[in-house]
Amino acid sequence: MRIIVYGFRPKTKQRHAVFDALWRYTRPTLLGELYTFACGPSKFNNSNPKVRLVKEYLRLLGKSSFNVSDSMIDDGSFSVSNEWWRISAVNSNYSMCATYPFSLIVPKFISDEEVMQASTFRARGRLPVISWCHPGTGAVLARSSQPFVGIMMNMRNVADEKLVAALCIQVAGKESRRKLYITDARPKKNALANGAKGGGSESSSNYSQSEVVFFGIDNIHAMRDSLTRLRDYLDTHGSTSSDGMLSFLRDGGWTWGKGNLSSMSASVSTLGDSGWLSHIQSVLAGSVWIAAHVALESSSVLVHCSDGWDRTTQLVSLASLLLDPYYRTFKGFQALVEKDWLAFGHPFSDRMGLPTVSAISNAPVELSRQSSSGIISTSPLRIHSGSAFSTPVGSSFHAQNPNDYSPIFLQWVDCVSQLLRMYPCAFEFSSAFLVDFLDCMLSCRFGNFLCNSEKERQQSGIYDACGCMWVYLNDLRASEGLSHAHHNIFYDPTKHEGVLLPPAATLAPTIWPQFHLRWACPSEAQAGEVEAHCRTMTDKYAEMQKAKEMAEAKSKELTIRMESLAAELQKDRRLYSSAVEKAKQAWRENSAIKRALQSLGCKVQFSGNASHASDIESLPTETRQQSLHSSLREYEGGWLTDEKMDLSVSITHTDGRVHPDSPVNKLCENLCPFRTGEGCKWPDAECAQVGSQFVGFKANFDAFDRLSIHECYFGSK
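Residues numbered from 1 in each chain as written. Predicted model: local features only at pLDDT ≥ 70, side-chain atom pairs only at ≥ 80, totals over all residues. Heavy atoms only, no water.

By the naming in an unreviewed UniProt entry, the chain is Myotubularin phosphatase domain-containing protein, taken from Acorus gramineus.

*Asks:* Can you break down the overall build of the chain residue by residue, with the values?
*Replies:* Of regular secondary structure, the chain possesses 25 helices and 14 strands. For the chain, with 717 residues in total, the buried portion stands at 46%. Across the chain, contacts joining residues at least 24 apart in sequence account for 72% of those joining residues at least 6 apart. (Helix = DSSP H or I, 4+ residues; strand = E, 2+ residues; numbered from the N terminus. Buried < 20%, exposed > 50% of the residue type's maximum accessible area, 1.4 Å probe, protein only. Contact = heavy atoms within 4.5 Å.)

*Asks:* I'd like a rundown of the nonpolar core, residues and numbers included.
*Replies:* Within the largest apolar cluster, 137 residues are counted, with the highest numbers of intra-cluster contacts made by Phe-409, Trp-412, Phe-437 and Phe-449. Once residues lying within four places of it in the same chain are set aside, the contact partners of Phe-449 are Val-337, Leu-342, Phe-348, Met-352, Phe-409, Phe-437, Met-441, Met-469 and Trp-470. (Core = buried A, V, L, I, M, F, W, Y, C linked by side-chain atoms within 4.5 Å.)

*Asks:* Tell me what's going on with the packing of helix 12 (residues 330-343) against helix 14 (residues 408-422), and back it up with residues and numbers.
*Replies:* One can describe the packing of helix 12 onto helix 14 by two numbers: an axis separation of 14 Å at closest approach and a directional angle of 145 degrees. Handedness of the crossing formed by helix 12 with helix 14: right-handed. When helix 12 is examined against helix 14, the residues Phe-333, Leu-336, Val-337 and Trp-341 are found in contact with a partner set consisting of Ile-408, Phe-409, Trp-412 and Val-416. (Axes fitted to C-alpha atoms, helices over the stretch in contact; angles between N-to-C directions. Left-handed = near helix turned anticlockwise from the far one by under 90°.)

*Asks:* Explain the pattern of salt bridges to me, using residue names and the numbers behind them.
*Replies:* Applying the stated rule across the entire model yields 15 salt bridges. Between Glu-161 and Arg-156 there is a salt bridge, and its shortest N-O distance comes to 2.7 Å. Given the relative accessible area of 51%, Arg-156 is considered exposed. Lys-339 is the salt-bridge partner of Asp-340, the closest N and O atoms lying 2.9 Å from each other. Ionic contacts of the salt-bridge type, sharing partners, join the residues Glu-56, Arg-59 and Asp-324 into one network. (Salt bridge = Lys/Arg side-chain N within 4 Å of Asp/Glu carboxyl O.)

*Asks:* Break down the packing of aromatic side chains for me, citing the residues and quoting the values.
*Replies:* For the structure on display, the rule yields 30 aromatic pairs. A ring pair is formed by Tyr-181 and Trp-289, whose centres lie 5.2 Å apart and whose planes are at 85 degrees; its orientation type is edge-to-face. Here Tyr-181, found in strand 5 (residues 180-184), pairs with Trp-289, found in helix 10 (residues 276-297); they are 108 residues apart in sequence, far enough to count as distant. Measuring from ring centre to ring centre gives 5.6 Å for Phe-215 and Trp-289, while their planes differ by 75 degrees; the resulting arrangement is edge-to-face. In this pair, Phe-215 is assigned in the loop between strand 6 (210-214) and helix 8 (220-237) and Trp-289 in helix 10, connecting sequence segments 74 residues apart. (Phe/Tyr/Trp six-rings, centres within 6.5 Å; stacked < 30°, edge-to-face > 60°.)

*Asks:* Pulling in residues and values, what's your account of helix 3 (residues 49-60)?
*Replies:* Taking 1.5 Å per residue as the helical rise, helix 3 with its twelve residues ought to reach 16 Å, and the 17 Å between its terminal C-alpha atoms agrees with that figure. The element helix 3 is largely enclosed, with a buried count of ten among its twelve residues. Within the span of helix 3, buried status applies to Pro-49, Lys-50, Val-51, Arg-52, Leu-53, Val-54, Glu-56, Tyr-57, Leu-58 and Leu-60. The N-cap of helix 3, judged by a side-chain oxygen 3.0 Å from the amide nitrogen of Lys-50 a few residues on, is Asn-48. Of the residues one or two after helix 3, Gly-62 is the one with positive phi, at around 75 degrees. (Expected span 1.5 Å × (residues − 1). Polar contact = N/O pair within 3.5 Å; in protein donor to acceptor, adjacent residues only side chain to side chain.)

*Asks:* Can you tell me about helix 15 (residues 431-443), naming the residues and giving the values?
*Replies:* Its 13 residues place the ends of helix 15 18 Å apart at the C-alpha level, agreeing with the 18 Å of an ideal helix rising 1.5 Å per residue. For helix 15, every residue scored as buried is listed here: Ser-431, Phe-433, Leu-434, Val-435, Phe-437, Leu-438, Cys-440 and Met-441. Two residues or fewer past helix 15, Cys-444 is found with a positive phi of approximately 60 degrees.

*Asks:* Quick rundown of the confidence of the model for the chain? Include the residues and the values.
*Replies:* Chain-level statistics for the chain give a pLDDT mean of 78 and a share of 72% at 70 or above. A low-confidence stretch, residues 683-701 stays under pLDDT 50, and its non-local contacts, those more than four residues away or across chains, total 34 contacts. Below a pLDDT of 50 lies the segment residues 707-717, which in the model reaches 14 contacts outside its immediate sequence neighbourhood of four places, other chains included. (pLDDT = per-residue confidence, 0-100.)

*Asks:* Report on the UniProt feature "active site" (unreviewed entry) in the chain, specifying residues and quantitative values.
*Replies:* Sequence positions flagged by UniProt for "active site" (unreviewed entry) are, in local numbering, Cys-305. Structurally, Cys-305 is set in the loop between strand 7 (300-304) and helix 11 (311-323). In this structure, Cys-305 is in contact with Ser-144, Ser-145, Gln-146, Asp-184, Ala-185, Arg-186, Asp-310, Arg-311 and Thr-312, ignoring residues within four places of it in sequence. (UniProt positions renumbered as here; feature names shortened; annotations may be inferred.)

*Asks:* Describe unusual backbone geometry, listing the residues and the values that go with them.
*Replies:* Peptide bonds are, in most cases, trans, and in most cases residues other than glycine have a negative phi. With a phi close to 55 degrees, Ser-298 is a non-glycine residue in the positive phi region. Looking at where Ser-298 falls in the secondary structure, it is placed in the loop between helix 10 and strand 7. Using a relative accessible area of 15% as the deciding quantity, one classes Ser-298 as buried. Unusually for a residue other than glycine, Cys-451 sits at a positive phi of about 65 degrees. Tracing the backbone shows Cys-451 in the loop between helix 15 and helix 16 (454-459). Exposure remark for Cys-451: the relative accessible area of 0% places this residue in the buried category.

*Asks:* Give me the lowdown on the pairing of strand 5, citing residues and values where you can.
*Replies:* Most of strand 5 is tucked away, with five of its five residues classed as buried. What you see with strand 5 is no split at all: Leu-180, Ile-182 and Asp-184 on one side and Tyr-181 and Thr-183 on the other are buried throughout. The pairing of strand 5 with strand 7 spans five bridges and is parallel. Residue Leu-180 lies in a different strand from strand 7, and its bridge partner there is Ser-300. What joins strand 5 to strand 6 is helix 7 (residues 188-195), and the crossover it makes is right-handed. (Pairing = 2+ DSSP bridges. Right-handed = clockwise from strand over helix to strand, strands pointing away.)

*Asks:* Which residues make up the sheet that holds strand 7, and what are the values?
*Replies:* Spatially, the five strands line up as an open sheet ordered 3-4-7-5-6, and their pairing is mixed. Single-partner strands in this sheet number two, and they are strand 3 (129-133) and strand 6. If you compare each strand with its neighbour and ignore which way they point, the axes differ by 25 degrees on average. Alignment of strand 5 against strand 6, held across five bridges, turns out to be parallel. Residue pairing across strands places Leu-180 opposite Ser-210, the latter belonging to strand 6.

*Asks:* Summarise the packing of helix 3 against helix 12; cite the residues concerned and give the values.
*Replies:* Closest axis-to-axis distance for the helix 3/helix 12 pair is 10 Å, and the angle between their directions is 110 degrees. In this view, helix 3 runs roughly perpendicular relative to helix 12, as classed from their interaxial angle. Here helix 3 contributes Pro-49, Arg-52, Leu-53, Glu-56, Tyr-57 and Leu-60 to the contact with helix 12, which in turn contributes Gln-334, Ala-335, Glu-338, Lys-339 and Ala-343. (Parallel < 35°, antiparallel > 145°, perpendicular 65-115°, else oblique.)

*Asks:* Before we move on, could you go through the side chain of Gln-411 and cite the residues and values that matter?
*Replies:* By the secondary structure assignment, Gln-411 is in helix 14. Residues in contact with Gln-411, not counting those within four places in the same chain, are Met-223, Trp-276, His-279, Ile-280, Val-283 and Gln-314.

*Asks:* I'd like a rundown of the side chain of Ser-144, residues and numbers included.
*Replies:* Note that Ser-144 resides in strand 4 (residues 140-144). Here the side chain of Ser-144 touches Arg-122 through a polar contact of 3.4 Å, side chain to side chain. Ignoring anything within four residues of it in the chain, the contact list for Ser-144 reads Tyr-100, Arg-122, Arg-126, Leu-127, Pro-128, Leu-302, Val-303, His-304, Cys-305, Gly-308 and Thr-312.

*Asks:* Explain a nonpolar patch on the surface to me, using residue names and the numbers behind them.
*Replies:* On the surface, Ile-4, Tyr-6 and Phe-8 cluster together into a nonpolar patch covering about 310 Å² of accessible area. Tracing the backbone through its elements, the reader meets Tyr-6 in the segment before helix 1 (15-26). (Patch = residues over 30% accessible without salt bridge, like charges linked within 9 Å, V, L, I, M, F, W, Y side chains within 5 Å. Areas by Shrake-Rupley, 256 points an atom, 1.4 Å probe, with all protein chains shown as cover.)

*Asks:* Describe the pairing of strand 3, with residues and values.
*Replies:* Counting buried positions along strand 3 yields five of five residues, so the element is predominantly enclosed. Looking at chain direction, strand 3 and strand 4 are connected through four bridges and run antiparallel. Along strand 4, the bridge assignment pairs Ile-130 with Ala-142. As consecutive antiparallel partners, strand 3 and strand 4 are separated by six residues, and within that stretch Gly-138 has a phi angle of approximately 85 degrees, a positive value.

This is how it looks when you write it as structure tokens:
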């Protein structure tokens, strides 16, 4: 959809060299000249697409638990079946059909011999095989090419009829067989015209429980001409033209012929004359018709056109997209394209005008393009008379018509974009993904869409020599996660879990702005501005959500720390209370000891600091003084330890002679080993203070405990 014009001043020496280079690299004649081969090894390595195809087959058969490996593909041990269908390796060497994949899904009770016999009755050996099957009802979407019925439509093949009948297995719980619709994508007159060449269409009388329906979709040549007219229309009436002049400067103001209403209507009708939107609508309508009969009637549908690789592929893959929500995801979309377009032999090289593999060569990457290949024809408006550039002999634009170029795949992706517009919540991918997907396909940067069939890609070593587009796109999305433009921010898989069946009134396609208008009307092409705004808002919301989560995590952490500190504080309070109680108990015991000592004739004096020991009252010289220094602090009537404060305790025994009849004397004699009839030997024994410890008191603490019970002695305290 982009037209680039090169202009040279007269007598420019390099103009012929530039023209020759452009001609060579835009029209490569050898497969090895394509960019994917010339750019060297790619970091986007390709895995075996055959493994991916078999995995998709197993998913369709409900056998996803099976593991598939390269060794299984090599030895043919991938043949798995369910109650209705089986995977067959009858075409593993492509001898039966060169354009079909190496493995096929066929009815379980049809043998490989019957499959091969049926292939002889279809154009290019493309016999009826299953493309998609309903997991519950057993209804299938099948595809093939046209049968060889001849101009009288009286040619028949028993194996083909048996194979087609096997597609209509009995509906569960019903005695009658399900109905089969044979849909011919061509106009009926075209199908009859093919009968003169041996082809044609089936007769419902030869296939039981069947009905033949014609969709009337035009052929590849009509699609090519339609795209050419659409491109010229956009180049002429867009805001920016390839002639380098803005539409505002053309015709005295915009492209509406100086505001003439009739010219405005004429330009709109030119768009209608291109036929592009009408073709899109025809493909959409046919696909919805197929999906509706499979989903609502549990009928099986066999789709074909002439060769079964253009219109057939469009209809089958689009109907599968409507029926199966898996195909609306990134992974499923890849599986759908690889199965129905690549594996089943859509001729991408021919349709894109690229070189491909010749069947008679031993060096496929060095071979020239098939003579039927070509490129899109350029509008005569783009080639001015008297041009200084002459095309090489036999290579002019017009000399290649008719050719096999046709935008069939582009048309199908356009149909997908129309469904995405109608069901914005049903697809995991966005319109931006579809645009990049097409650009990657057309760029020849990757090898996925080169050649015309699976067999040719295998022969040319495409899978080993070229990078993989799917890996590149996955890596591109992984760099930004869900915020990447390829992700559809409106995607809601729970909203459209089943089949999509748009009513006929909604099948009114419009120009796909992100693709068709991005060069002709770059500002108007931003039809996804709302989506971009929503994506920006979503990113901001995600950032705010992340900040909220971080704040909540920090708040939770602070809460835990506060709870921990509160627990520690509570623990300290309990320890503090315990210490206070112990201090009070010690104070009471000290007071009791003090009273006991005083009752024994000792005098106890406390001083607030060790430095005040000199303040102790002087005693008679015959007394002996022992001092004990301890650190205590008073709190609420008790004493607590304080290393910065000393308390000096002075204990003095004044007289060791106590009256023999004194009750205290008797108690001392009974309880103290140092008390005798001659008097107290305590001071002489120096038991009161040995190494700053109350040794005597410790040894006779029980005695003081027993003394303390005489309240009459110690007083009311």
